[in-house]
Each structure stands twice: as structure tokens, then as C-alpha cells.
Amino acid sequence: MSDRRVLIFAAHPDDEILGMGGTIARHADRGDAVRICCVTDGSSTQYANDTDILLQKQAEARKAAATLGVTDYVHLDLPDMRLDTLPHVEVNRVVERQVAEFQPDTVYCVQADVNLDHRTVFSSVAVATRPRPEQPVRRVLTYAPTSSTEWTPAPETWWVPNWFVDISATLERKLEAFRHYRSEWREWPHPRNDRALRVHAEHWGTVVGCPAAEPFVLVRGIALP
């Protein structure tokens, strides 16, 4: 077992698998304590008042996480696709509560991209992980869900990866995990399917000299002695 504590924030169910499923599996395999927190209900805007869809998405998320070795999955209930309509302090409050309760040393957050929910979650994570003297978080990174970050217009993005994780040994589990998200699966050449996720991982692998990799932006890192 490891003494590392890793908290992953997603705006919607599947963000975390698309963006960093292989890295999550590596953390779990190492024995790190891992929690995934999905900030929105994931369906209320697209499928208003459809409890069956809501429960389906929550079940898909838990199965996907379990495939990667994570059982600590927290699904909050802020409104999907409408986080920007809430007072900033309200989103801050639920994110800060997760950080205070879990006491992570490492926080991953969805990249602030074309999706306004992603931007809102990132802004609140930035607040919750401010480097105050009592702050447990030593490292903050963003990950890029396919079908979102790469669709962001160039003038609006600061996605320039500077941290990479070799997922050669965990890529197949990432693909298996995403297969649980049947409600989010799309046919090639859409970015949400096995073929696209493999191509994406192999591309980033060529960038850093390994068979498959996931890219991140290191927002802040404080080295321990």
C-alpha cells in the first residue's frame, strides 16, 4: 500500500475515463488511495426528469471506476451543463468539502476548455487547492477528455501538456472501463470509442517515447524533501 492520496474531479460521468483512465489504473495498482468525484448529476439537462437515465449513468460510472480498481466514487448532484448558472461560491463549497474530507496530496481536474462545466469545475478546484500553509495538496494537474479539449478554439485554450504518464500496461483496462459507458459511446471517427482512444494514447506515446501515454498540464507542483 502507498501513502499517496489522489482526488480526481470530473464535471460529468466519463470525463475521467476519457482523459486519464490509464493513469487512474496505475494509481490504483500502486495502492494509492483514489477517489473520483463527479460534480454534476450528469444527465438532468439532456434527459430532464428521466430517473432511469440518471441511474444508468451512475451505474456506468461506478462500473467503469471499479474496472480501474477504484471503489471510492462520489457522485454529486449539481446541474449538468448548467454549472455556470450557479453562484461560484456554491460550486466552491462542494469542491472544498471534498478536499477537506479526503485530504489528497494530488488533485487531478478536468481541463478548462470549450465546455463551460469544465471551466467552472477547474475554477473551483483552483480555489480549493490554493497553496495556503495548511493545504494538503502538493500537486495539481489537469487532464483532457477527448471530444472536448481538442475541440476548443485555439484563442480560448491553454492546453499545452507538460506532464505525461506511460499507460502502456493499463491502456486495455482504460478501454474496458469506457465500454461501460454505453450511453456515451459513439462510432468512429467520433473521439469516444475504442479505436479513437487507442489512437489518442498511441499518439501521445510517440510524443514521449513509449507505446501509449496520457497527457496532463502540471498546474502546480511542490516537491517533498
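Before reading on, note that the structure itself is shown above.
Overview of the structure. Being a predicted model, the structure only gives us computed values, none of them experimental. (Residues numbered from 1 in each chain as written. Predicted model: local features only at pLDDT ≥ 70, side-chain atom pairs only at ≥ 80, totals over all residues. Heavy atoms only, no water.)

What follows deals with the pairing of strand β4 (residues 106–110). Every regular strand shows the same layout, with side chains that alternate between the two sheet faces. Of all five residues that make up β4, five are buried, and the element is covered over most of its length. Where strand β1 (residues 5–10) and β4 come together, four bridges link them in parallel fashion. Across the sheet, the residue bridging to Val-6 is Thr-106, located in β4. Crossover connection from β4 via helix α4 (residues 116–128) to parallel strand β5 (residues 139–143): handedness right-handed. (Buried < 20%, exposed > 50% of the residue type's maximum accessible area, 1.4 Å probe, protein only. Helix = DSSP H or I, 4+ residues; strand = E, 2+ residues; numbered from the N terminus. Pairing = 2+ DSSP bridges. Right-handed = clockwise from strand over helix to strand, strands pointing away.)

This model, assessed by the stated rule, comprises twelve salt bridges. Between Arg-35 and Asp-72 there is a salt bridge whose closest N-O contact spans 3.0 Å. One end of the pair, Arg-35, is in strand β2 (residues 33–40); the other, Asp-72, is in strand β3 (residues 72–78), and 37 residues separate them in sequence. Judged by relative accessible area, Arg-35 falls into the buried class, the value being 9%. Between Arg-198 and Glu-172 there is a salt bridge, and its shortest N-O distance comes to 2.8 Å. Linking Arg-198 in helix α6 (residues 194–208) with Glu-172 in helix α5 (residues 171–179), this pair joins segments that are 26 residues apart in sequence. With relative accessibility at 29%, the residue Arg-198 sits in the partly exposed group. Through salt bridges that share partners, Arg-35, Asp-72 and Glu-101 make up one connected network. (Salt bridge = Lys/Arg side-chain N within 4 Å of Asp/Glu carboxyl O.)

Let us now look at helix α2 (residues 51–68). Two residues of an α-helix separated by three or four positions point the same way, owing to the 3.6 residues in each turn. For α2, which comprises 18 residues, the first-to-last C-alpha distance of 26 Å matches the rise-based estimate of 26 Å (1.5 Å per residue) to within 8%. Taken as a whole, α2 has its buried residues at Ile-53, Lys-57, Gln-58, Glu-60, Ala-61, Ala-64, Ala-65, Thr-67 and Leu-68. Residues of α2 that are buried in the fold lie against α1 (15–30), β2, β3 and α5. Of the residues one or two after α2, Gly-69 is the one with positive phi, at around 100 degrees. (Expected span 1.5 Å × (residues − 1). Contact = heavy atoms within 4.5 Å.)

Counting buried residues along β5, five of its five residues qualify, which places the element largely inside the surrounding structure. Judged by which residues are buried, β5 turns out to be covered on both faces: Arg-139, Leu-141 and Tyr-143 on one side and Val-140 and Thr-142 on the other are all buried. Pairing geometry for β4 and β5, over five bridges, is parallel. By the bridge assignment for β5, Tyr-108 is matched with Leu-141. The pairing of β5 with strand β7 (residues 213–221) spans five bridges and is antiparallel. Bridge assignment links Val-140 to a residue of β7, and that residue is Arg-220.

Let us now look at the packing of helix α3 (residues 88–102) against α4. Working note: a packed helix pair is described by the angle between its axes plus the distance between those axes. Between α3 and α4, the shortest axis-to-axis distance is 8 Å and the interhelical angle comes to 55 degrees. In this view, α3 runs oblique relative to α4, as classed from their interaxial angle. In the packing of α3 onto α4, the handedness of the crossing is right-handed. Judged by residue contacts, His-88, Val-91, Asn-92, Val-95, Glu-96 and Val-99 of α3 engage Thr-120, Ser-123, Ser-124, Val-125, Val-127 and Ala-128 from α4. Within the contact of α3 with α4, the residues separate by chemical class into six nonpolar, five polar and one charged. (Axes fitted to C-alpha atoms, helices over the stretch in contact; angles between N-to-C directions. Parallel < 35°, antiparallel > 145°, perpendicular 65-115°, else oblique. Left-handed = near helix turned anticlockwise from the far one by under 90°. Nonpolar A, V, L, I, M, F, W, Y, C, P; charged D, E, K, R; others polar.)

Spatial ordering of the open sheet is given by β3-β2-β1-β4-β5-β7-β6, a layout of seven strands whose pairing is mixed. Unpaired on one side and paired on the other, β3 and β6 (163–166) mark the two borders of the sheet. With strand direction ignored, the average angle separating the axes of adjacent strands in the sheet is 25 degrees. Inspection of the sheet shows β6 paired to β7 by four bridges, in the antiparallel sense. Across the sheet, Val-165 pairs through a bridge with Glu-214, a residue of β7. Against the sheet, α1 contacts β1, β2, β3, β4, β5, β6 and β7, and its axis sits at roughly 85 degrees relative to β7. Packed onto the sheet, α6 meets β6 and β7 and runs at close to 65 degrees relative to β7.

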